[in-house]
Amino acid sequence: MEPAVDALRVGAQRGSTGPEAPAAREPEPDRTATAVGRLAGTVDRLRRELDQAQADSAGRAVLEMAVGVLVERLRCGPTEAARQLEGLAEQAGVTKLALAADLLNQAAADQISALAREFVAGAVTRSDEAARTDGAAGTGGAVRPARAGVRAGAAARCADPVALRLRSTEADTIAGGDAATAARSMLEHALRPLGVAAVAIWAAHPDLSLSLAGSAGFQPEEARRWRHVPPGVPTPARRALDERTAIGYHVLADASVPSIGQHDVRGGRLAVPAGVGGRLIGVLEICWREALPEQSQPLQRQFEALAEVAAATLESWEPREFPAADVADARFDELRQLTDGLFDPCLVLRVVPEDGEVPPRFVVRHVNPSFVDFAGRSTSAIVGARLLEAYPLAAEPGGLAEKVEHVFATGEPFRTPDMRLAALVDGVPLTTRAQVSISRHGPHLVVVWRLDDGTPRVARLLQHAQRLGRIGGFEENLRTRQIVWNDSLYELHGLPPTAQPISIDQLAEHAHPDDRHTIGRFLRTLLHHRRPASTAFRLQRPDGVTRHIRVVAEPVRDPQSRLRLVRGAYQDISAQHWTEVALAATRDQLAQSEQQAAERSRLALQLQHAIMPPARGPLDLHDLHVAVRYRPAEKDHLVGGDWYDALALPTGDVLLCVGDVAGHGIEAATGMVALRNALRGLAATGAGPGQLLSWLNSVTHHLTDNVTATAVCGLYEPSTRRLRWARAGHPPPVLLRDGRARTLPQVGGILLGALDQADYEEDEFVLETGDTLVMYTDGLIERRDESLQASLTNLTALTERAHRDAGVNANGLEGHLDHLLQYSNADTDDDTCLVGVAVRRPDS
C-alpha cells in the first residue's frame, strides 16, 4: 500500500501546482506595521494556508476515489491501481488529478458526469478510433490496445475543465463536510472562472424561514446580518423555493429585492433550488458584480450540479451560530432572564462545538439591556459574532479571551477590580478600564464588566446627541469606493436603509442648483487642497422635500500621505434656518412695533401735557389755595390716564376732582381727556357730585370703548365753606386739621363704566381755616404686599409728618406735596396725580 499512497501524495502535490490550485505566496513583511497589523497579517497568511490545505485535501480525495474505481474495474490491489493511474496519466499527457476526475465522471451517473459526456462526446469518438488504429499496427499483447484506448479517451475527456472544476468542488465539499466549505469551494473552483463574485447556500425551514448555512465572497458582517431570514421576506431564495425553479435577476439593484450583499454585489443574481429525492431543502444563490450572463443550457446544467452538491451538505447541516433566543434551551432562558435584571453591562457567551479545536471559539449569544459597547458600536454588531471578532485585542496575553478560556476549562469563577479592555474600530485601538467578573453556567459563560470611566454613558450620550441633533456620519473610501452611512444619515436624506449611499463627489447632483457652486468650493478644499471643510446647502430629497443641511468633512491620508478616505457628518439645520428667518422677521416687526409704540407714547404724552402741564403753578380759587403735583410712570411708554381739575363754576361753586383711567398709552390718555371734559360740562348744570358721577358713569359706559375709571368729585361752596363730595371706586381724600390727619369716610360708589346705570352716595363737611385736603390717585399709596387699609394708615401718618416738616401756609403747601411724593412707600410703576387744597383766611 505504501507505493500507492506515495503515488497519490505525489499526484496531489502535482495537482496543487496547476492552475486549479495556485500556490500561496507569502506577503512581504511590512517593517513599519504595528503589532496589530502584524497580527492581522499572520491571521491572513494562516487563512490562505488553510485554504491551500483544503484544496490539497480535495485533490487527494479525487485521487483516492479514482484509485477505488480502478480497483473495481481492473480487479487489482490499491497499490497496482495507483501505479496504473500514474502510468495512464503520463502516457495521456495529463495530470493525475485530471485523469482521476475523468474516471469518476465515467463511473458516476450524476449531473457532473452528464455534463462531461456531453462536452466531449465528439472528441471521445475520434480518440477511440485513433486508439484502435494504433492497436492494430502494434505488436504487443492485449494490454497495450486497452491502455492506448484508455489513454486516448482520457486525453480527450480531460480536455473538459468544467468537469474537473465540478469534481474538485465535490471532493472538497466531501472533505470539509459542511456548507461553509462547500460555498467556499464552489466559488474558488467552479464559479469564479465564470465571473461570479459571491455565493450563498440557504437552508429552508418548515416555518418558511431561511438560514444562511454557508457563504463565500461576502463581508463577515454582511453574512452575520443575513444569518436568519424571517418568513415573508421576498428574497430571491424564497421565490425560488416557492416557484420550485431557478430565478434570475439581470441586475439585482434594479429589481429592488432584498438579499445578502445587495449593497456590495449589486449585479446579476441567480437562485437555484437544492433538493434531495424531490424534496427541496435549500437554495444555492449565485451573485455577479456585473449583469447576469446569458443562461445557456450547459451553464444551467453546471448550476444544477452545484445545487446537488449544496443539497448534500444541507442534509446534515445544523446551525453553529446560536441565535439570541432559543426557546428550546430552558437553561439559557433562565440565564438570559437573570442577566437582563443586572444593571451592569453583561455578555452571555457559548462555546462553538468544533471537534478538537484549540483554543475553543466563543460566540456572543446574548447581551442584556444595560449593555453598551465601549467602542460605540450597536448591539447588533456584537450579538452573533465571535468574541475575538468583536474584540480581537482581547487575545493579548492576560486579556479577556485568556480568562474566558480558563473559566470555561476549570469552572472556577474569575473576578478582578481592574482589567484593560480593548476594541479595534477602523484600525484604531480603543481601550478602557473595567471591573470584570466571569462565571460558567453549563455550556455558557457570563461576562460582566463595570466600566470605571463612564464610557457607556458617553456612548449612549453620543447616540442621543446624534438623534437629537439630527446628525448622520459617513465614511467613504476613495480607492474602493465603499461608502458607509449610519442609520440617521439614510433618514436625513429621505432614503430607505437598503438604498445605495450617495458619494460625496455626487453631492451637487442632489443639491439645489443655486448651491452647486458652494459645494464645488467645498469639494475643492476637501479633495484637492486636502484640508477639512464645511458648508451649508439645500438638499433636494427624492420625496420632494428640501432640507437645509450643513456638511463637515476631513480627509484621511495613508502613511505615504496619499488621500485614502473621507469621513465627516451631515446635520439637518432646517429648524435653525427657519428659526433664523423667523427671528429676522420678528426683529423687523419688533422694530416697527417699537417705533409705533414710541410714536403713540409721544402723542399720548403730548396730549397729557396739553391738558395737565406737569409744572403748573399754584392756583387760588376764592379762599382756597390749590397746588398740583404729577409724577409720571418710571417707564416712558407707560403714559397713564391720571387726571385732575380745579375749576370755578358759573354757580360760584368750586369743582375739585381727581380721576384715574385704567390702562396706559394713547387709549388711556384719550379716555382721560374725554372724561375730564365731560365732567366739566356736566358740572355747569349745578347738579351735586353724586349726580355728576352717575352721569359721568353713563358717558363712560356708552360713549367710550371699554374704558373704566375711578374718580373723586367735590363741590365747594365758598360762602358756607361746605364741601360735598362723592367717589366712584377711588381712594378717599385725606383731611389734615390741627396737625391730625384722617381719611374721609368711604362712601359707596362703583367705578365708572362697569355698569350702564349706577348711583353714588354723597357726604359733606365744613372746612375750617388752616385745613388741608389731599386728593390723590392710587399710584401714591399702592403696594403689592399691603392691603388698602394699611396703605391709607401709612398715608395719614406721612401727611402728619409732612405737616410738621413743611408747615401749613400758602408757601408750605407745595413743600407738603413734595414731601408726600418723596417719602411715599408705593412700589408700583404707576403714575401719580396729587392735588392739595389749603383753606385760607377770607382776607388773606
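It should be noted that the structure appears before, not after, this text.
The residue numbering used here restarts from 1 in each chain and proceeds along that chain's sequence as written. Local features in this predicted model are restricted to residues whose pLDDT is 70 or higher, and side-chain atom pairs enter the listing and the counts only when it is 80 or higher, whereas totals over whole chains, interfaces and linings include all residues. Neither water nor hydrogens contribute to the side-chain values; these are computed over all heavy atoms in the structure.

Novice: I'd like to hear about the overall build of the chain, residue by residue, with values.
Specialist: Every helix listed is a DSSP run of H or I at least four residues long, and every strand listed is a run of E at least two residues long, numbered separately from the N terminus. Across its full length, the chain holds 23 helices and 27 strands. Counting across all 844 residues of the chain, residues that qualify as buried make up 45%. Residues are treated as being in contact if the distance between any of their heavy atoms lies within 4.5 Å. Sequence-distant contacts, at least 24 apart, represent 61% of the contacts inside the chain between residues at least 6 apart. Here the chain displays about 41900 Å² of accessible surface, and carbon together with sulfur accounts for 52% of that area. Relative accessibility thresholds used throughout: buried, under 20% of the residue-type maximum; exposed, over 50%; partly exposed, between the two (1.4 Å probe, protein chains only). Using a 1.4 Å probe, accessible areas were evaluated by the Shrake-Rupley method; residue-level cover was limited to the displayed protein chains.

Novice: Please provide a residue-by-residue account of the packing of aromatic side chains, values included.
Specialist: Stacked, tilted and edge-to-face pairs are distinguished by plane angle, under 30 degrees for stacked and over 60 for edge-to-face with tilted covering the rest, among Phe, Tyr and Trp rings (Trp via its six-membered ring) whose centres lie within 6.5 Å. Across all of its chains, the model carries six aromatic pairs by this definition. The interplanar angle of 75 degrees and the centroid separation of 6.0 Å between the aromatic rings of Trp288 and Phe303 together place this pair among those described as edge-to-face. Highlighted residues: Trp288 in strand β6 (residues 279-288) and Phe303 in helix α12 (residues 297-314), separated in sequence by 15 residues. For the pair Trp288 and Phe303, a shared accessibility class is recorded, and that class is buried. Here Phe362 and Phe408 contribute two aromatic rings whose centre-to-centre distance is 5.5 Å and whose plane-to-plane angle is 80 degrees, an arrangement assigned as edge-to-face. With Phe362 in strand β8 (residues 361-367) and Phe408 in helix α15 (residues 400-410), this residue pair connects regions lying 46 residues apart in the sequence. The exposure class of Phe362 is buried, given its relative accessible area of 5%.

Novice: Quick rundown of the pairing of strand β22 (residues 722-728)? Include the residues and the values.
Specialist: Within β22, six of the seven residues are buried, which leaves it mostly tucked inside the rest of the structure. Direction of pairing for strand β21 (residues 709-717) relative to β22: antiparallel, over a ladder of seven bridges. Note that in β22 the partner of Leu715 across the bridge is Arg724. If DSSP finds at least two bridges between two strands, the strands pair. Connecting β21 to the next strand, β22, in antiparallel fashion are four residues, including Arg721 with a positive phi near 60 degrees. Where β22 and strand β25 (residues 763-766) come together, four bridges link them in antiparallel fashion. Pairing of Leu723 across the sheet is with Phe765, part of β25.

Novice: Run through the side chain of Ser694, naming residues and quoting values.
Specialist: Relative to the assigned elements, Ser694 resides in helix α21 (residues 689-703). Owing to a relative accessible area of 15%, Ser694 belongs among the buried residues under this scheme. The residues touching Ser694, leaving out its near neighbours within four places in the chain, are Ala758 and Tyr760.

Novice: Tell me about unusual backbone geometry, and please be specific about residues and values.
Specialist: Backbone phi values are negative for most residues with the exception of glycine, while trans is the configuration of most peptide bonds. Despite not being glycine, Arg481 shows a phi value in the positive range, around 60 degrees. Residue classification places Arg481 among the partly exposed positions, given a relative accessible area of 39%. A positive phi angle is found at Ser561, which is not glycine, with a value near 65 degrees. You can see Ser561 is positioned in the loop between β15 (546-557) and β16 (563-572). You can call Ser561 partly exposed: its relative accessible area is 42%.

Novice: Got a sec to walk through helix α3 (residues 78-92)? Specific residues and values, please.
Specialist: Expected span of a helix: the number of residues minus one, times 1.5 Å. The end-to-end C-alpha separation of α3 is 21 Å, in line with the 21 Å expected for 15 residues at 1.5 Å each. If you check which residues of α3 are buried, you get Thr79, Ala81, Ala82, Gln84, Leu85, Leu88, Ala89 and Ala92. In the segment just after α3, Gly93 is the residue with positive phi, at about 75 degrees.

Novice: Summarise the pairing of strand β7 (residues 346-352); cite the residues concerned and give the values.
Specialist: Most of β7 sits inside the fold, with seven of its seven residues counted as buried. Two strands pair when backbone bridges link them, and β7 and β8 are joined in this way by six bridges, in the antiparallel orientation. The residue of β8 that forms the bridge with Val352 is Arg361.

Novice: Go over the nonpolar core, please, and point to the residues and values.
Specialist: Only buried residues count toward a nonpolar core. Its members are Ala, Val, Leu, Ile, Met, Phe, Trp, Tyr and Cys residues joined through side-chain atoms within 4.5 Å. With 32 residues, the main nonpolar core has Leu347, Tyr391, Leu400 and Trp449 as its most contacted residues. Contributions of two or more residues to this core are made by β7, β8, α14 (387-390), α15, β9 (414-425), β10 (428-441) and β11 (444-451). Ranked by the residues each element gives to this core, the list is headed by α15, at five residues. Membership of the second largest hydrophobic core comes to 30 residues, among which are Val199, Ala203, Leu270 and Leu314.

Novice: With reference to specific residues and values, describe the environment of Asn825.
Specialist: Its place among the elements puts Asn825 in the loop between α23 (812-823) and β27 (832-839). As a C-alpha pair, Asn825 and Asn794 span 31 residues in sequence and 8.6 Å in three-dimensional space. Setting aside residues up to four positions removed in sequence, Asn825 forms contacts with Arg783, Glu786 and Asn794.

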